[in-house]
Structures are given as C-alpha cells and as structure tokens.
Amino acid sequence: MGNFSFWEIFLIFIVVLLLFGAKRIPEIAGSMGKGIREFKKSINEVERSIQEPDRPVSRLPREEARERPAAAASDAAEAEHPEPKRLLS
C-alpha cells in the first residue's frame, strides 16, 4: 500500500471528523473494536474445533437465546425483574 506521511494521516483524520462529528467517532471505534473482538473469537473457536475434532464447539449466548421459546424467555425476565408492589389500590 505505501507509507503515509503525517500530513496525509492528518488530512484523513480531519475528513473523518467533518463527516461523522466528534461525538460519533468514539461510538464507531467502539463498535469496530467489538466486531474485531467477535471475529477473533470465532476464528479461535474454529481453529480449536479443527485441532480437536472430538470436542464440541461451544455455542454463543445469542444462538442459545434465539433457540429458546419466547415463553421461557418472558418467564426468566419476570423472575429477574418482578412487578413492583402498588401502594394504592
């Protein structure tokens, strides 16, 4: 690709700052970091499953939540956050 000089990096930073604004840049960087972290985690999991074929691949929490029935999910939510008591009848 090539080496970037200080002025080229500075110009790219200014353009990004103008396009997205100062408040959105940390949000974008955070979501990019989460995406990279999730990608690395899945790559490591695939490598482990290739190296150890007899060991089952662990499921991600999102996949398990999708497979649960909706009724079980609502029961769990009610158990975690019960309805507050009413002071007046």
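The structure presented is a predicted model; accordingly, all values stated were derived computationally and were not measured. (Residues numbered from 1 in each chain as written. Predicted model: local features only at pLDDT ≥ 70, side-chain atom pairs only at ≥ 80, totals over all residues. Heavy atoms only, no water.)

Q: How should the packing of aromatic side chains be read in this particular structure?
A: Any two aromatic rings considered together are summarised by their centre-to-centre distance and by the angle between their planes. For the coordinates displayed, the defined rule picks out three aromatic pairs. The interplanar angle of 90° and the centroid separation of 6.0 Å between the aromatic rings of Trp-7 and Phe-10 together place this pair among those described as edge-to-face. Taken together, the residues span about one helical turn, with Trp-7 and Phe-10 both in helix H1 (residues 6–20) at a distance of three residues. Residue Trp-7 is classed as exposed on the basis of its relative accessible area of 61%. In textbook terms, an aromatic cluster arises when at least three aromatic residues are bridged by ring pairs, as seen for Phe-6, Trp-7 and Phe-10. (Phe/Tyr/Trp six-rings, centres within 6.5 Å; stacked < 30°, edge-to-face > 60°. Helix = DSSP H or I, 4+ residues; strand = E, 2+ residues; numbered from the N terminus. Buried < 20%, exposed > 50% of the residue type's maximum accessible area, 1.4 Å probe, protein only.)

Q: Help me out: how do you make sense of the pattern of salt bridges in this one?
A: A side chain with one charge may pair with a side chain of the opposite charge, provided their charged atoms come close. One pass over the full model with this rule turns up one salt bridge. Two residues, Arg-24 and Glu-27, come together in a salt bridge whose shortest N-O distance is 3.0 Å. With Arg-24 and Glu-27 both in helix H2 (residues 24–51) and three residues apart, this pair spans about one turn of that helix. When its relative accessible area of 43% is taken as the criterion, Arg-24 is described as partly exposed. (Salt bridge = Lys/Arg side-chain N within 4 Å of Asp/Glu carboxyl O.)

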